[in-house]
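# Topology and contacts: notes
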Amino acid sequence: MATLPRPMEMFDREREWGALSAFATDEASGATLGVVSGRRRQGKTFLLRALCRATGGFYFAAEEATDGESLRQIGAAIGDHLGSPAPLSFADWRQVVDALLALGRERPVPVVIDEFPYLARANPRLPSIIQNALAPLRVERDQSRARLLLCGSAMSFMGRLLSGNAPLRGRAALELVVPTLDHRLAAEFWGVVDPVTALKVNAIVGGTPAYRREFVRDDVPVGPEDFDSWVLRTVLSPTSPLFREARYLLADEPDLRDAGLYHSVLAAIAGGNANRGGIASYLGRKSSDLAHPLTVLEDCGLITREPDVFKANRTNFRINEPLVAFYHAVMRPIWSDLEHTRDARRLWERAQRRYIGNILGPHLEHVCRHWTRYFAPDDLFGDVPNKVGSGTVNDPARRTSHELDVVAYGLDDDNRSPLLAIGEVKWGEVMGLGHLERLTRIRALLTAQERYGAADARLVCYSATGFTDDLRDRAATDPGVVLVEAADLYR
């Protein structure tokens, strides 16, 4: 196995490219199967086309079509790849799969079927046909070194392809999920230098590469003063592809049959109703009625369950795709006005409260947790965090509870999880000693419970706006107090 030279025009994706090139160039005998998935616009097609171009592999992009038309299309594609004077004709998919395996008789070669869910939707037997084609001791498989790659963006379907009793379970030698770019890579990709502006852009478009290249044609805010104008000319402009993209993302998922219900669930979460009870109240339904829609949205990769680190029976939900959250919190309530107004600036100004409270604040909390877990300096919290989440701490004396935006656990030599740090996150508020006193109170409550090992937990203030001088002075003399500002999140 070898790692092929990464294309010069490819941004990042070293891990994904390395895995694909090693799979495609594996010299071992016998055809093998790989599955590539990820949300739309993440660059899966670019990766796979580049792989086939570098190796002389076969690439076929399926379309929404009848089974018979798809057979004709792939027959024409195979014929063109082989240089046949006329398209190849196949009676069924068994013949197609054997023809694809035959492409690898002489050498290892990637054989890519992109948007595989389209084919399987028209012919649900296709996964079983591939399973049988790759059965052990089958001559067509054993004499081939085809590296068959099935790719798709329908996350619910692709997630089931190798799970449970699915026909292809146990058949795949590669399972690759192409993720969105994290906040640091996204800032680099967009070329946004100012950290606060980078966070604001990331809170709307996330880390989806296509949104910069294809959707806004490299229109990037040139600085903090250009951000509002950038929002108006891209996301909030009816002539921009980003304007309706969030609605299309839901329409692309075949399992989301009751669109109104799923839009309402997402609107509830985007509106700050993060737990099951809050979502049920927003929808006017019982909590028990939400099990199925929440599971479907999770399977589609649109939402994530985030358990409370202190309460096993409490779970919050977060929207994974920032553009979907922005649509439901900011755009959906004023959708008709946005479609028909000639000047959206007034609407954007009126939406600032929802944008800051429902988008920027929660997004910064998520980024701070992610940074704490994966990017913080090793010695910042006294040890490397092993688990990071959020949690709720009861305060019986005051008959209230306290929300912690960041809770970091370590892992000691006895596999116990001591509490390393607790933190509070603020977007538009200068943090001072009052915030530190609140964290000190919460640490005392956790220490009294003994089981958390919280006595030495560091107190962390995360702020995109800054800190008062007295808090900075305190942090400079007390190693148990940590301050993290926007620029730190990008170092």
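Small disclaimer: the values here were computed from a predicted structure and weren't measured.

About the criteria used
- Residues numbered from 1 in each chain as written.
- Predicted model: local features only at pLDDT ≥ 70, side-chain atom pairs only at ≥ 80, totals over all residues.
- Heavy atoms only, no water.
- Helix = DSSP H or I, 4+ residues; strand = E, 2+ residues; numbered from the N terminus.
- Contact = heavy atoms within 4.5 Å.
- Core = buried A, V, L, I, M, F, W, Y, C linked by side-chain atoms within 4.5 Å.
- Buried < 20%, exposed > 50% of the residue type's maximum accessible area, 1.4 Å probe, protein only.
- Pairing = 2+ DSSP bridges.
- Axes fitted to C-alpha atoms, helices over the stretch in contact; angles between N-to-C directions.

Quick look at the side chain of Ser240 now. Relative to the assigned elements, Ser240 resides in the loop between helix 12 (227-233) and helix 13 (242-251). Beyond its immediate sequence surroundings of up to four residues, Ser240 is in contact with Phe215, Arg233 and Thr234.

Counting 85 residues, the largest nonpolar core has Trp190, Ile204 and Phe326 as the members making the most contacts within it. If one sorts the elements of this core by residue count, helix 17 (residues 322-331) sits on top with eight residues. Apart from residues lying up to four places away in sequence, Phe326 is in contact with Ile204, Val235, Leu236, Met331, Trp348, Tyr355 and Ile359. With 39 residues, the next largest nonpolar core counts Leu33, Leu101, Tyr118 and Ile129 among its residues.

Pairing in this open sheet of five strands is parallel, and the strands run 2-3-4-1-5 from one edge to the other. Strand pairing shows two members of the sheet lacking a second neighbour, strand 2 (58-61) and strand 5 (172-177), which therefore form its edges. The average undirected angle you get between the axes of adjacent strands in this sheet is 15 degrees. Two elements, strand 3 (residues 109-114) and strand 4 (residues 146-152), share five bridges in a ladder whose sense is parallel. Across the sheet, the residue bridging to Val111 is Leu148, located in strand 4. Here helix 1 (residues 14-24) sits on the sheet and contacts strand 1 (32-37), strand 3, strand 4 and strand 5; the angle it forms with strand 5, its principal contact strand, is near 160 degrees.

Looking now at the environment of Ala487. Relative to the helices and strands, Ala487 is located in the segment after strand 12 (481-485). Along the primary structure Ala487 and Val193 are separated by 294 residues, whereas in three dimensions their C-alpha atoms are 9.8 Å apart.

Attention shifts here to the environment of Ser156. Tracing the backbone through its elements, the reader meets Ser156 in helix 8 (residues 155-161). Residues Ser156 and Leu297 lie 141 residues apart in sequence; the distance between their C-alpha atoms is 8.6 Å. Ignoring anything within four residues of it in the chain, the contact list for Ser156 reads Glu253, Asp255, Asp299 and Cys300.

What follows deals with the sheet that holds strand 10 (residues 419-426). With mixed pairing, five strands are arranged side by side in an open sheet as 8-9-10-11-12. The open sheet terminates on both sides in strands that have one partner only, identified here as strand 8 (387-395) and strand 12. Averaged over all adjacent pairs, the angle separating strand axes in this sheet is 30 degrees, with direction ignored. One ladder, built from eight bridges, connects strand 8 with strand 9 (residues 400-409); its direction is antiparallel.

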